[in-house]
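# Coordinates in review
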Amino acid sequence: MAQTLEFSFDGEADAAVRGLWRRLSEAGVPSPARHRPHVTFAAARTIPAGTREALREDLALLSIPALWLSTLAAFDGTLVLTAVVDTELLAVHSAVHDVLAKRVKQPAAYYLPGSWIPHCTLAERLEPAQMTTGFAALYPVGSIRARITEIAVVDTQTGETDVLRDLEGT
């Protein structure tokens, strides 16, 4: 996918995730340390400018809940910390996808309502032995309360970021 809608964390949660990345790195497991810790709410080939503007307007009206990242899990060779799913989180996710519906090119099925597993990536493209090492390096993981401070569309090819909502002052 070329563009993602990412919800980024406050400084404390960011530091906690980076601490997990450090532990993985020390255990010899590659982590996405060059990236910013976040939860992806949507992904598509393209999220056009007009759709971004509609998202800005919709996001300004929504109360964005804090996330509780608490369960160490794995899927498709990716080690993740999943978020607790509640009605507030699902309502925001659904509202985002109501705006995106029929307005983006090639949406990623993993992020659509009913398929989405909200998570923060800890390591990806792992071989089975690396996955085992990663679990051993991190287990048990305590819960991380992640307050959302920024929502942005990120181009995964170029790293270009278009901030749709900055919640720092809110």
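Coordinates for the structure precede this section.
Residues numbered from 1 in each chain as written. Predicted model: local features only at pLDDT ≥ 70, side-chain atom pairs only at ≥ 80, totals over all residues. Heavy atoms only, no water.

## Observations regarding the sheet that holds strand β3 (residues 67–75)
The cut-off we apply is this: Two strands pair under a simple rule: DSSP has to find at least two bridges between them. Going along the chain from the N terminus, every DSSP run of H or I of four or more residues is numbered as a helix, and every run of E of two or more is numbered as a strand. Between N-to-C directions, angles span 0 to 180 degrees; the directions come from axes that are lines fitted to C-alpha atoms, helices contributing only their stretch in contact. Every residue pair with non-hydrogen atoms within 4.5 Å of one another is taken to be in contact.
Spatially, the 4 strands line up as an open sheet ordered β6-β4-β3-β7, and their pairing is antiparallel. Since the sheet does not close on itself, it has two edges, and those belong to β6 (119–123) and β7 (144–146), each with one partner. The average angle at which neighbouring strand axes cross in this sheet is 40 degrees, direction not considered. Each of β3, β4 (78–83), β6 and β7 is contacted by helix α1 (residues 11–26), which is oriented at about 30 degrees to β6, the strand it contacts most.

## Concerning the packing of α1 against helix α4 (residues 128–138)
Selection criterion: In these notes the angle categories are as follows: under 35 degrees is roughly parallel, over 145 is roughly antiparallel, 65 to 115 is roughly perpendicular, and the rest is oblique. Rotating anticlockwise by less than a right angle from the far helix to the near helix defines a left-handed crossing, while the corresponding clockwise rotation defines a right-handed one. Residue polarity is assigned by list, with Asp, Glu, Lys and Arg as charged and Ala, Val, Leu, Ile, Met, Phe, Trp, Tyr, Cys and Pro as nonpolar; anything else, Gly included, falls into the polar class.
Interhelical geometry of α1 versus α4 gives an angle of 125 degrees and a closest axis separation of 9 Å. Classified by the interaxial angle, the pair formed by α1 and α4 is oblique. The way α1 lies across α4 gives a crossing that is right-handed. Of the residues in α4, those in contact with Leu20, Arg23 and Leu24 of α1 are Gly134, Ala137 and Leu138. The residue inventory of the contact of α1 with α4, partitioned by class, reads 4 nonpolar, 1 polar and 1 charged.

Any functional reading would require information that these geometric values do not contain.
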